[in-house]
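Next come the chains, spelled out residue by residue.
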Amino acid sequence: MKKKHIKILLLGAGGREHAIAHKLAQSKQLQQLFIAPGNAGTAQLGINLPIKVTDFKTIKQTVLENKIDMVIVGPEDPLVNGIHDFFLTDTQLKHIAVIGPQKHAATLEGSKEFAKKFMYKHNIPTAKYKSFTKDNVSQGHAFLETLNAPYVLKADGLAAGKGVLILNDLQEAKNQLNEMLTNNKFGAASNKVVIEEFLDGIELSCFVLTDGKNYKILPYAKDYKRIGEGDKGLNTGGMGAVSPVPFADAIFLKKVEERIVKPTIKGFQKDNIPYKGFVFIGLIKVNNEPLVIEYNVRMGDPETEVVMPRIKSDLITLFKAVAEEKLDQFNLEIDKRTATTVMLVSGGYPEAYEKGKEITGINEVTESIMFHAGTKMVQDRIVTNGGRVLAITSYGKNFTEALAKSYQNITKIKFDKMNYRTDIGFDLKV
Ligand code: AMP
Ligand code: GLY
């Protein structure tokens, strides 16, 4: 194998992208890494470029100027906007490998109804549902009456993670349905609303990398979405994660692979949905049975900060196998250790918060990997630049040991109004 011959452009700016960049940087094949726009962490591994992830014209220019061989897409926005299709239909770009699915597949994340129809069609277990528009609101009310509380209402389109309402009261559910459909509560995203049966169980995330025909299941993870201890309070992008997931035993994981992963990949083929990239399957375990809550067409954040550290294989060889549709020939090696991460966030997040706070103590961290999320360099200082600021990832023989290391290192890091959850893993048994 030729050494140091690959030039990569990675799109995104979060902890997810720093974790991917960190893993790419370990590959002997990497000649040069560009990250657009990146953060203070990715700046230590490659060249940050001030380009928006949806600015396809400038991305094209950069790719050509720097002779990029492979583009890896972190967030969903460029995928939903068709970046992979943009590359495939441009004569100067079509030979470049893009890791991330085309627009058609990205609809699995961009439209809840599309995802539900796909699951029903391919017999993939999921909550029963019906979808409604402003033309049949009263049928929506009637459907709600057939369900038991709590009621799950989902804006069909992308609503920055805020488009799902879970309500205990029937009347309140009807009122909110009206708000979504007739008062544009979530803008155009709620022109259509999916109403679902509530599933009572424990959630986990399954990550699959596929070339469209073959697949590899990456380490399973569980994230902690709420801001408050004990999973209370507002939803965030994610406050911490663990991998593997102690309650997902071999029998359960076999069910996930047979009933969910295989039919999903076969479904892509049957429906002519080309797919080269990550599939993030949000699962819920109900009475030991797996059901799908949602699909995303990217990696999760902060799950990536525990999944990447557990991949032992070379990431560039893995991505090349995706691009060349040879994943079946790839031997994926996984680190048996547990990895955990704890997110440090800005005070006030997920509501209003201030940026630009100096972060100190980063160099004192030992035995943990620090993945930057909302950070940037201002001269020689690292300052906060977002709600989620740093993910502190550690290994251990189990999640308690790994978390103890993360929490130990957190005591060394300081910034004004720093906040984090002290109870990641609280609901798990060793
Ligand atoms: P989604 O954007 O579809 O992942 O929904 C956001 C969150 O709402 C999920 O992570 C679950 O915690 C919760 N949720 C969504 N659908 C259901 C459901 N049918 N039953 C119970 N909880 C749900
Ligand atoms: N951690 C959940 C997500 O990335 O959507």
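Preceding this paragraph is the structure being described.
Residues numbered from 1 in each chain as written. Chains lettered and ligands numbered in written order. Predicted model: local features only at pLDDT ≥ 70, side-chain atom pairs only at ≥ 80, totals over all residues. Heavy atoms only, no water.

The next subject is the environment of Ile-311. Tracing the chain through its elements places Ile-311 in the loop between α10 (304-307) and α11 (315-323). Residue Ile-311 is classed as buried on the basis of its relative accessible area of 3%. For Ile-311 and Lys-326, which are 15 residues apart along the polypeptide, the C-alpha to C-alpha distance reads 18 Å. Every residue in contact with Ile-311, bar those within four places of it in the chain, is listed here: Lys-23, Leu-218, Pro-219, Leu-332, Glu-333 and Ile-334. (Helix = DSSP H or I, 4+ residues; strand = E, 2+ residues; numbered from the N terminus. Buried < 20%, exposed > 50% of the residue type's maximum accessible area, 1.4 Å probe, protein only. Contact = heavy atoms within 4.5 Å.)

For the rest of this paragraph, the subject is the site of ligand 1. Neighbouring ligand 1 are 14 residues; Lys-112, Glu-196, Leu-199, Glu-203 and Glu-294 lie closest to it. Taking Lys-112, its side chain carries an N or O atom lying 2.8 Å from an oxygen atom of ligand 1. Within the contact set of ligand 1, an oxygen atom lies 2.5 Å away from a side-chain nitrogen or oxygen of Glu-203. Expressed as a share of its isolated accessible area of 470 Å², the protein-covered part of ligand 1 is 86%. Within the residue set of the shell around ligand 1, elements represented by two or more residues are β7 (151-155), β8 (164-167) and β17 (289-296). Of the residues belonging to the shell around ligand 1, the class tally is seven nonpolar, no polar and seven charged. (Near = heavy atom within 4 Å. Polar contact = N/O pair within 3.5 Å; in protein donor to acceptor, adjacent residues only side chain to side chain. Areas by Shrake-Rupley, 256 points an atom, 1.4 Å probe, with all protein chains shown as cover. Nonpolar A, V, L, I, M, F, W, Y, C, P; charged D, E, K, R; others polar.)

On to the sheet that holds strand β3 (residues 47-48), then. If you trace the five strands from one edge of the open sheet to the other, you get β3-β2-β1-β4-β5, paired in parallel fashion. Taken across any chain shown, the strands that pair with only one partner, and hence form the sheet edges, are β3 and β5 (97-99). Where strand β1 (residues 6-12) lies against strand β2 (residues 30-37), seven bridges are found, and the strand directions are parallel. Paired with Gly-12 across the two strands is Pro-37, which belongs to β2. Sitting on the sheet, helix α1 (residues 15-24) is in contact with β1, β2 and β4 (70-73), with an inclination near 170 degrees to β1. (Pairing = 2+ DSSP bridges. Axes fitted to C-alpha atoms, helices over the stretch in contact; angles between N-to-C directions.)

This next bit is on the sheet that holds strand β6 (residues 129-133). Taken together, the four strands give an open sheet; going across it, the order is β6-β9-β7-β8, and neighbouring strands pair in antiparallel fashion. Either end of the sheet is taken by a strand with one partner, and the two such strands are β6 and β8. Going across the sheet, the axis of each strand differs from the next one's by a mean of 20 degrees, ignoring polarity. Examined bridge by bridge, β7 and β8 share four bridges and lie antiparallel to one another. Paired with Val-152 across the strands is Ile-166, a residue of β8. Relative to the sheet, helix α8 (residues 170-182) contacts β6, β7, β8 and β9 (192-196), its axis offset from that of β7 by approximately 5 degrees.

With that out of the way, let us pick up the pattern of salt bridges. Tallied over the full model, the rule gives 30 salt bridges. In this structure, the salt-bridge partner of Arg-16 is Glu-17, at a minimum N-O distance of 2.8 Å. For Arg-16, a relative accessible area of 9% puts it in the buried group. Look at Glu-17 and you get buried, because its relative accessible area is 1%. We note a salt bridge from Lys-397 to Glu-401, for which the minimum N-O separation is 2.8 Å. Taken together, the salt bridges that share partners define one network made up of Glu-354, Lys-357, Asp-416 and Lys-417. (Salt bridge = Lys/Arg side-chain N within 4 Å of Asp/Glu carboxyl O.)

Below, the discussion takes up the packing of helix α5 (residues 103-110) against helix α6 (residues 112-121). Put simply, α5 and α6 touch, their axes get as near as 6 Å, and they point 100 degrees apart. In terms of orientation, α5 and α6 fall into the roughly perpendicular class. The residues of α6 that touch α5, namely those facing His-104, Thr-107, Leu-108 and Gly-110, are Lys-112, Phe-114, Ala-115 and Phe-118. Class assignment for the residues of the contact of α5 with α6 results in four nonpolar, three polar and one charged. (Parallel < 35°, antiparallel > 145°, perpendicular 65-115°, else oblique.)

For the rest of this paragraph, the subject is the site of ligand 2. By nearness alone, every residue bordering ligand 2 is listed as Asp-223, Gly-237, Phe-280, Arg-298, Gly-300, Asp-301, Pro-302 and Glu-303. Asp-223 is positioned such that a nitrogen or oxygen atom in its side chain is 2.7 Å from a nitrogen atom of ligand 2. Between ligand 2 and Asp-301 there is a distance of 2.9 Å, counted from an oxygen atom to a backbone nitrogen or oxygen. Here ligand 2, which alone exposes 200 Å², has 87% of that area covered by the protein. A breakdown of the residues in the shell around ligand 2 according to their chemical character gives two nonpolar, two polar and four charged.

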